[in-house]
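# Examination of the molecular architecture
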Amino acid sequence: LQMKYSTNYFRVSGDFNISSNSNCSTYLKEGTIEIKGNFYQAGNADSFYTTQNLKVIFSGTSRQTIYFSNPATDDSHFEYLTFANTSDEGIELLSDVYVKSGFISYPNAKITNSQNLKLAGSLDIQSASFNGIMSVYNSTTLSDINITDDLTLTGGTLTIDGIVYVSGNLIQTGGKIVFNENAVLYVSGDYKNTSNETSNLQMKYSTNYFRVSGDFN
């Protein structure tokens, strides 16, 4: 499967199963793949290796599942990912799912096993509602987003821009949390920093505001 132009569009009304033994790391570069059913990756570790601006949209109207046999940023992964399924069943992540460049979750999009979603690239996430646990593994900017469960930072720089709501706990096991000018962060649970001395929290503007309704550890 080769998609190399921004005008390419591939809609699958059923399931998307890719088990090729070929290395596809140079084939999936541009355009959009829209999937209405389930997603399954196996075969070569790079059988679904997306790059550049390839976008994948999950837009089913009932339960959808995503499974990678070889999930990793340097193996099979999504470059840009959108969850547009707003059904009651939503989307279930049956394995780790890595996203490198962009992620959008529609309001009311339900995500089961959201802890399996690994935001591992340099992402800019804006004006979204994330229903579940968000895990950040590399440099990511959050702008005007509502996270309905925990937010975990394990590495890189988490930049707060605009107003960010975390309904659960904010757990920092590595990396830096940096507030841009006028950035506001509300955490309904606890702030827990269990990292080593190299990680930190940076607030440098008079307009920065960080409210923790639970414990600050």
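Residues numbered from 1 in each chain as written. Predicted model: local features only at pLDDT ≥ 70, side-chain atom pairs only at ≥ 80, totals over all residues. Heavy atoms only, no water.

### Section: the sheet that holds strand β5 (residues 55–58)
Read from one edge to the other, the open sheet built from 10 strands follows the order β1-β3-β5-β7-β9-β11-β13-β15-β17-β20, with strand pairing classed as parallel. Bordering the open sheet on either side are β1 (9–12) and β20 (191–193), each of which pairs with just one other strand. If you compare each strand with its neighbour and ignore which way they point, the axes differ by 30° on average. (Pairing = 2+ DSSP bridges. Helix = DSSP H or I, 4+ residues; strand = E, 2+ residues; numbered from the N terminus. Axes fitted to C-alpha atoms, helices over the stretch in contact; angles between N-to-C directions.)

### Examining the packing of aromatic side chains
With the rule as written, the count across this model stands at 19 aromatic pairs. When the centroid spacing of 5.1 Å and the interplanar angle of 15° are considered together, the rings of Tyr165 and Tyr186 count as stacked. Of the two residues, Tyr165 is situated in strand β16 (residues 157–166) and Tyr186 in strand β19 (residues 184–187); the sequence distance between them amounts to 21 residues. Three or more aromatic residues joined by ring pairs form one cluster here, namely Phe10, Phe16, Phe39, Phe48, Phe58, Phe68, Phe78, Phe83 and Phe103. (Phe/Tyr/Trp six-rings, centres within 6.5 Å; stacked < 30°, edge-to-face > 60°.)

### As for the pattern of salt bridges
Should their charged atoms come close, side chains of opposite charge can pair. Taken as a whole and assessed by the stated rule, the structure comprises 3 salt bridges. Lys36 is the salt-bridge partner of Glu34, the closest N and O atoms lying 3.5 Å from each other. Put simply, Arg63 and Glu92 hold a salt bridge, and the shortest N to O gap is 2.5 Å. Separated by 29 residues along the polypeptide, Arg63 in the loop between β5 and β6 (64–68) and Glu92 in strand β8 (residues 91–93) bring together distant segments of the chain. (Salt bridge = Lys/Arg side-chain N within 4 Å of Asp/Glu carboxyl O.)

### What about the nonpolar core?
In terms of nonpolar packing, the biggest core is built from 48 residues, with Phe48, Phe58, Ile66, Phe78, Phe83, Phe103 and Met134 touching the most fellow members. It is β16 that contributes the most residues to this core, 4 residues altogether. When sequence neighbours within four positions are dropped, the list of residues in contact with Phe78 reads Phe39, Phe48, Thr50, Val56, Phe58, Ile66, Phe68, Val97, Tyr98, Val99 and Lys100. (Core = buried A, V, L, I, M, F, W, Y, C linked by side-chain atoms within 4.5 Å. Buried < 20%, exposed > 50% of the residue type's maximum accessible area, 1.4 Å probe, protein only. Contact = heavy atoms within 4.5 Å.)

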